[in-house]
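Coordinate analysis (summary)
Here's the letter readout for the chains.
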Number of protein chains: 2
Amino acid sequence: MKTLKTVLILAVSINCVAQKNDSIMLRRIFSEALMNGKCYSNLDYLSNKIGGRISGSPQAAKAVEWAEIAMKEANSDNVTKQECMVPHWVRGEKEKGEIVFKVETFAKGDKTVGRQRPSEPMNICALGGSVGTTKEGVTADVLEVKSVEELYKLGTDKIKGKIVFFNRPFDNSEIDPFDAYGKAVDQRWKGPSIAAKFGAVATICRSMTTRIDDFPHTGGMNYLDSIPEKIPACAISTKGAEYLSGLIKSGDHFKFHLKMNCQTLPDEKSYNVVGEIKGSEFPDEIIVVGGHLDSWDTGDGSHDDGAGVVQSIEVIRIMKALGIKPKRTIRAVAFMNEENGLRGGKKYAELAEQNKEKHILAIESDRGGFAPRGVTFEGSVEKRTKLKSWAPLLMPYGVYDFDRKGGGADISPLEKDAVPVMELYPEPQRYFDHHHTANDTFQSIDKRELEMGAATLAAIVYLADQYGF
Amino acid sequence: MKTLKTVLILAVSINCVAQKNDSIMLRRIFSEALMNGKCYSNLDYLSNKIGGRISGSPQAAKAVEWAEIAMKEANSDNVTKQECMVPHWVRGEKEKGEIVFKVETFAKGDKTVGRQRPSEPMNICALGGSVGTTKEGVTADVLEVKSVEELYKLGTDKIKGKIVFFNRPFDNSEIDPFDAYGKAVDQRWKGPSIAAKFGAVATICRSMTTRIDDFPHTGGMNYLDSIPEKIPACAISTKGAEYLSGLIKSGDHFKFHLKMNCQTLPDEKSYNVVGEIKGSEFPDEIIVVGGHLDSWDTGDGSHDDGAGVVQSIEVIRIMKALGIKPKRTIRAVAFMNEENGLRGGKKYAELAEQNKEKHILAIESDRGGFAPRGVTFEGSVEKRTKLKSWAPLLMPYGVYDFDRKGGGADISPLEKDAVPVMELYPEPQRYFDHHHTANDTFQSIDKRELEMGAATLAAIVYLADQYGF
């Protein structure tokens with residue numbers, strides 16, 4: 001009994017000492033990020049010197065070169081590239097959306113005269129992957145719907161020859177705008193295909209945001225194999241959507257004119273970039289932290305997902321700067337082609353399987369460079385319990401939320417291979433002010449918020465390395 | 001025993017039902033704020049139509065008129081004004097700060113010639129309450145110090161006739177920038193007086209921010225009665241401070257030229273504005289929620305503290321919109337003169353005492369319109385326990401932190417009278433990007449973050465009303 005007591009006291013003491021040491025190490029990690037951080041200046045370069053970097057573009061190629069250098073400068077033990085072929089969609093010249101009013105005729109004395117109200121330009125952008133219009137563009141009546149399902153009720157008769165306008169707004173009563181996004185995004189993703197089934201000539205989608213503003217939001221869409229013809233699909237700003245909807249309700253006679261010359265070119269060669277610290281005790285156990293290097297072309301991709309890339313590289317830099325020699329192998333990965341194909345994420349998982357690598361944890365940062373609040377998680381109950389046991393260590397940094405579900409897109413192929421996954425969960429309210437728009441720019445990044453996120457990732461990687469996962 | 005069991009089960013059931021009802025009501029409060037909120041449009045008006053509103057200014061007078069209307073539009077049962085006299089400091093024309101290089105002489109053949117390097121303008125602003133310079137301005141050598149204490153070591157010999165430059169930066173390893181502010185602000189507040197004691201002719205203070213940027217931060221300062229003469233005091237942007245410090249280190253010969261024509265005019269009459277919902281059961285028990293209506297003149301005062309004012313008014317609007325009939329009296333207060341005198345806060349407490357009012361809780365919002373994370377608290381352990389018992393109800397909204405200490409400036413006179421106090425604790429990282437600068441503008445406000453803060457205040461007021469406090 002006495003021995004048991006001693007053992008217990010010893011165990012508790014060791015645990016206390018461990019907790020205290022961890023607490024000291026986390027403080028050092030956060031101080032390093034806040035005082036000597038490189039993620040903000042790295043993002044400045046990626047956003048302002050390279051800019052928007054859609055897969056297959058020259059900017060994406062430059063971003064790959066930059067990521068290699070940045071990973072080396074962070075003192076990775078080694079930096080490698082993983083080749084993959086990526087889609088190459090190009091927007092072409094600026095899209096044109098316009099409301100063209102019908103000629104109104106009226107009597108003037110004994111003559112009938114016509115009056116043409118000037119047409120009104122609308123702020124639109126092509127959805128990623130959309131086909132373009134003909135050179136002349138499409139001009140047609142607009143049919144407003146609130147859901148994809150509505151199209152099945154309306155049927156071909158009412159849809160054929162028209163431009164379908166998906167106008168279901170975000171449900172702003174959702175506390176987390178990502179949930180509102182999840183409830184609205186089917187309009188963008190499958191709306192064009194279903195409209196095409198019923199003979200629509202194009203689609204306009206209300207932008208995916210909580211706000212009423214002037215920015216059209218691009219984003220991926222998908223043509224089903226079963227549709228008769230691919231039709232052009234664009235997004236309209238929420239302010240534009242409100243205006244267009246009002247115009248329809250007012251009974252004004254008009255057509256919508258849409259011109260886009262986007263197209264999909266042959267696949268291009270591209271790369272994931274991987275920076276590594278080799279594990280000192282269990283080098284075969286791998287912890288991955290990553291973000292995606294590609295972005296849409298509308299903004300400079302600072303939040304989506306330059307932030308995740310520079311934070312992941314910062315994890316390596318912080319560990320090296322603090323002289324942490326991880327037991328396990330730590331990898332920072334800049335994934336290619338998250339936005340329109342996930343080819344990088346798939347390639348990473350494929351190579352991991354091929355090389356029989358053992359990933360014990362994969363973490364993504366792809367929810368913007370905002371102040372961290374926690375991490376999401378998908379995995380076993382035991383592992384969730386382990387994660388939650390670290391909560392008191394992270395609370396001093398305002399990181400408290402370990403109950404959410406979910407991983408990240410780039411690491412979802414690993415998740416399928418039963419790797420436990422997490423995603424950094426930053427403050428979500430502002431994300432859709434920027435997402436996929438010209439408003440996703442470096443000036444909307446707060447240096448300290450970005451650094452706090454990087455430190456949170458480094459802290460979790462540190463703990464998962466110390467205790468296994 | 002059986003009876004006790006029944007009573008216990010009944011008590012637990014009632015408690016569960018109460019918790020469930022509270023949970024439903026809080027969901028309604030947040031939905032009302034997010035779907036039908038008026039705080040964002042109210043702030044738009046206050047910031048963009050009225051603008052910066054330093055005490056005693058015509059804008060502050062307009063803000064009082066506006067607040068009366070806004071409180072009525074929120075459906076307050078009654079709206080009153082509380083008269084108070086406030087300081088009236090005016091900045092006058094734009095301040096001028098300049099580095100004037102000394103004429104360098106050198107030999108050219110057998111002659112001595114002089115060369116004057118062009119002077120360099122520096123981005124400065126007068127500190128609130130400072131005296132101006134003479135018409136000609138002050139031109140003197142600059143003495144850089146890192147602390148007020150350093151002046152005591154240097155003594156009159158080294159300080160007399162010089163411009164003292166306080167240049168201790170924020171300690172950015174502090175996780176909460178408010179803590180870094182607390183450690184640096186003595187330079188601004190008492191620096192000028194101590195420098196004056198030792199014969200300095202003016203002071204320059206490094207701006208109070210985590211960032212390196214171009215915005216000089218104004219803010220209150222205090223002349224001690226004991227000083228021989230009031231000397232002009234200004235702030236310089238952090239970028240300017242770094243440059244000035246580098247110039248001193250480089251050994252370049254220069255003087256600093258400072259011209260300000262700010263002055264303090266006679267006190268002006270002004271007002272707190274109070275909107276009220278009369279309590280249905282205990283009308284004599286008062287719960288106050290407030291922010292301050294005055295701001296500095298450099299920006300439009302959106303974060304400091306337009307946000308707090310519109311959120312407080314929103315508490316009234318939400319309760320009325322949802323048909324909540326509070327048991328206790330709820331007051332939204334727009335306090336006047338927080339920035340340079342606290343006359344409104346003092347007046348409110350004075351009248352409360354005079355009228356023998358019983359305040360059971362006072363809450364302030366004066367930390368910017370960012371996403372809410374919790375509330376600070378000062379009061380008894382029992383009341384803290386009560387506050388923390390509401391944590392599970394607020395967790396779904398990302399409001400989790402109820403451990404912090406502190407109240408708010410405007411309600412500190414109530415706190416002295418033993419009223420328990422709280423302050424809304426929003427995400428703190430970005431506050432000093434804006435605080436007291438031309439960068440405190442409406443465009444840096446996120447609508448949903450502001451609304452979430454208002455809903456949090458309404459939720460806490462609702463719970464304190466339901467259960468007493």
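Residues numbered from 1 in each chain as written. Chains lettered and ligands numbered in written order. Predicted model: local features only at pLDDT ≥ 70, side-chain atom pairs only at ≥ 80, totals over all residues. Heavy atoms only, no water.

**Considering the relation of the copies chain B and chain A**
For the record, the criterion: In superposing the copies, a least-squares fit is computed on C-alpha atoms, taking residues whose pLDDT is at least 70 in both. Should any heavy atoms of two residues lie within 4.5 Å, those residues are considered in contact.
Mapping chain B onto chain A is achieved by rotating through 180 degrees and translating by 0.0 Å along the same axis, at an RMSD of 0.1 Å. Given the turn and translation reported, the copies of this chain are related as if by a two-fold rotation axis. Looking at the rotation axis and the C-alpha trace of chain B, the residue lying nearest is Tyr 400 of chain B, at 4.0 Å. A share of 100% of the interface residues of chain B reappears at the interface of chain A, consistent with the copies meeting face to face through the same patch.

**Examining the interface of chain B and chain A**
Selection rule: Here the quantity called buried area is the total loss of accessible area, with a 1.4 Å probe, experienced by two parts when brought into contact, counted for both. The term salt bridge refers to a side-chain nitrogen of Lys or Arg lying within 4 Å of a carboxyl oxygen of Asp or Glu. N or O atoms within 3.5 Å of each other form a polar contact, as long as, within protein, one can give a hydrogen and the other can take it, and as long as residues adjacent in sequence are counted only when both atoms are side-chain atoms. Numbering of helices and strands runs from the N terminus, with a helix taken as a DSSP run of H or I at least four residues long and a strand as a DSSP run of E at least two residues long. Charged means Asp, Glu, Lys or Arg here, nonpolar means Ala, Val, Leu, Ile, Met, Phe, Trp, Tyr, Cys or Pro, and polar covers whatever is left, Gly included.
Contacts between the two partners involve 28 residues from chain B and, on the opposite side, 28 residues from chain A. Of the roughly 2,400 Å² buried between chain B and chain A, counting both surfaces, carbon and sulfur atoms make up 53%. Of all residues in chain B, Ile 175, Gln 429 and Arg 448 of chain B bury the most surface against chain A, accounting for 27% of the area lost on that side. Between Arg 430 of chain B and Glu 449 of chain A there is a salt bridge, and its shortest N-O distance comes to 3.2 Å. Summed over the shared surface of chain B and chain A, the result is 18 residue pairs in polar contact (both at pLDDT 80 or more). Those elements that provide at least two residues to the side of chain B that touches chain A are α1 (2–36), β17 (372–378) and α14 (447–467) of chain B. In terms of residue count, α1 of chain B provides more of the side of chain B that touches chain A than any other element does, five residues in total. Grouping the constituent residues of the side of chain B that touches chain A by class yields 12 nonpolar, six polar and 10 charged.

**A few points about the sheet that holds strand β5 (residues 120–122) of chain B**
Residues and elements named next belong to chain B. Condition: Only when DSSP finds a minimum of two bridges between them are two strands counted as paired. The angle between two axes is taken between their N-to-C directions and runs from 0 to 180 degrees, where each axis is a line fitted to C-alpha atoms and a helix contributes only its stretch in contact.
Taken in spatial order, the four strands line up as β5-β2-β12-β7 in an open sheet, and their pairing is antiparallel. Each having just a single partner strand, β5 and β7 (138–140) make up the two edges of the open sheet. For this sheet the average axis-to-axis angle between neighbouring strands, irrespective of direction, equals 25 degrees. In this sheet, β5 lies alongside strand β2 (residues 96–101) in antiparallel orientation, the contact comprising three bridges. By the bridge assignment, Gly 97 is partnered in β5 with Met 122.

**Quick notes on the side chain of Ser 444 of chain B**
Residue and element names in this part refer to chain B. Position of Ser 444 relative to the elements: it lies in the loop between β18 (421–426) and α14. A distance of 2.7 Å separates a polar side-chain atom of Ser 444 from the backbone oxygen of Thr 441. Excluding anything up to four places from it in sequence, Ser 444 contacts His 303, His 434 and Asn 439.

**Thoughts on unusual backbone geometry**
We count it as follows: Buried means the residue's accessible area, taken with a 1.4 Å probe over protein chains only, is under 20% of the maximum for its type, while exposed means over 50%, and partly exposed covers the values in between.
The peptide bond linking Asp 304 of chain A to Asp 305 of chain A adopts the cis configuration, its omega dihedral lying at 5 degrees. Structurally, the position occupied by Asp 305 of chain A is in helix α9 (residues 302–321). A positive phi angle, near 65 degrees, is found at His 436 of chain B, a position not held by glycine. Inspection of the secondary structure puts His 436 of chain B in the loop between β18 and α14. Under the relative-accessibility criterion, His 436 of chain B is labelled buried at 5%.

**Description of the pattern of salt bridges**
In total, this model carries 70 salt bridges over all chains according to the counting rule given. Asp 141 of chain B serves as the salt-bridge partner of Lys 102 of chain B, at 3.8 Å between the closest nitrogen and oxygen. Placement of Lys 102 of chain B in the loop between β2 and β3 (104–108) and of Asp 141 of chain B in the loop between β7 and β8 (142–145) is noted, with a sequence separation of 39 residues between them. The class for Lys 102 of chain B is partly exposed, based on a relative accessible area of 35%. Linking Arg 331 of chain B and Glu 276 of chain B is a salt bridge whose minimum nitrogen-to-oxygen distance equals 2.7 Å. One end of the pair, Arg 331 of chain B, is in strand β15 (residues 328–335); the other, Glu 276 of chain B, is in strand β13 (residues 263–277), with 55 residues separating them in the sequence. For the pair formed by Arg 331 of chain B and Glu 276 of chain B, the shared burial category is buried. Within this structure, Arg 91, Lys 94, Glu 95 and Asp 297 of chain A form a network of salt bridges that share partners.

**Considering the confidence of the model for chain A**
Detailed conclusions should not be drawn from predicted coordinates in areas where pLDDT is low. Keep this limit in mind: Values of pLDDT, ranging from 0 to 100, describe the predictor's confidence in every residue of the model.
The predicted model of chain A has a mean per-residue pLDDT of 96, with 97% of residues at 70 or higher. With a pTM of 0.95, the predicted complex shows an ipTM of 0.93.

**Let's talk about the sheet that holds strand β6 (residues 124–126) of chain B**
Residue and element names in this part refer to chain B. As summarised here, the arrangement of the five strands in space is β6-β11-β10-β9-β8, forming an open sheet in which the pairing is mixed. Each edge of the open sheet is held by one strand with a lone partner, namely β6 and β8. Going from strand to strand, the sheet's axes swing by 25 degrees on average, the running direction of each strand aside. Looking at chain direction, strand β9 (residues 163–166) and strand β10 (residues 202–206) are connected through four bridges and run parallel. By the bridge assignment, Phe 166 is partnered in β10 with Cys 205. Along the sheet face, helix α4 (residues 149–159) touches β8 and β9 and points at about 165 degrees away from the line of β8.

**Looking at the packing of aromatic side chains**
Threshold: Pairing of aromatic side chains here covers Phe, Tyr and the six-membered ring of Trp, requires ring centres within 6.5 Å, and sorts the geometry by plane angle: under 30 degrees stacked, over 60 edge-to-face, intermediate tilted. Criterion for a charge above a ring: Lys NZ or Arg CZ within 6 Å of the ring centre, and within 35 degrees of the ring normal.
For the structure shown, the criterion picks out 31 aromatic pairs over all chains. Taken together, a centroid distance of 6.0 Å and an interplanar angle of 90 degrees make the contact between Phe 377 of chain A and Phe 469 of chain A edge-to-face. In this pair, Phe 377 of chain A is assigned in strand β17 (residues 372–378) and Phe 469 of chain A in the segment after α14 (447–467), connecting sequence segments 92 residues apart. The structure contains a cluster of three or more aromatic residues connected by ring pairs, namely Phe 170, Phe 178, Tyr 181, Phe 370, Tyr 431 and Phe 432 of chain A. Above the plane of the ring of Phe 178 of chain A lies Arg 367 of chain A, whose end atom (NZ or CZ) is 4.3 Å from the centre. Over the ring of Phe 469 of chain B we find Lys 383 of chain B, and its NZ or CZ is 5.7 Å from the ring centre.

**Considerations on the domain arrangement of chain A**
Many analyses report the size of an interface as the accessible area lost when the parts associate. All names here are of chain A. Let me state the cut-off plainly: Just so you know, the domain bounds were taken from an automatic or database domain assignment.
Domain parsing of chain A yields domain 1 (33–88 + 266–467) and domain 2 (96–261). Summarising the inter-unit geometry, the C-alpha centres of domain 1 and domain 2 are found 35 Å apart. Contact residues are listed per partner, giving 15 residues for domain 1 and 18 residues for domain 2. Overall, the association of domain 1 and domain 2 removes approximately 1,400 Å² of surface from exposure, summing both partners, and the carbon and sulfur fraction of that is 64%. At the surface where domain 1 touches domain 2, the tally comes to two salt bridges. In this structure, Arg 404 and Asp 176 form a salt bridge, with 3.7 Å as the shortest nitrogen-oxygen distance.

**What about the environment of Phe 215 of chain A?**
Residue and element names in this part refer to chain A. Following the sequence through the fold, Phe 215 ends up in the loop between β10 (202–206) and β11 (233–236). As for Phe 215 and Asp 294, which are separated by 79 residues in sequence, their C-alpha atoms are 20 Å apart. Sequence-distant contacts of Phe 215, defined by excluding residues within four places in its chain, comprise Ser 207, Ser 237, Thr 437, Ala 438 and Asn 439.

**Looking at the pairing of strand β14 (residues 282–292) of chain A**
Residue and element names in this part refer to chain A. Applicable threshold: Here the term right-handed applies to a crossover when the path leading from its first strand over the helix to its second strand runs clockwise, the strands being oriented away from the viewer.
Of all 11 residues in β14, eight are buried, a share of seventy percent or more. Crossover handedness for the path β14 to α9 to strand β15 (residues 328–335): right-handed. When β14 meets strand β16 (residues 358–364), the two strands line up parallel, connected through six bridges. Looking at the pairing, Val 288 lines up with Ala 362 of β16.

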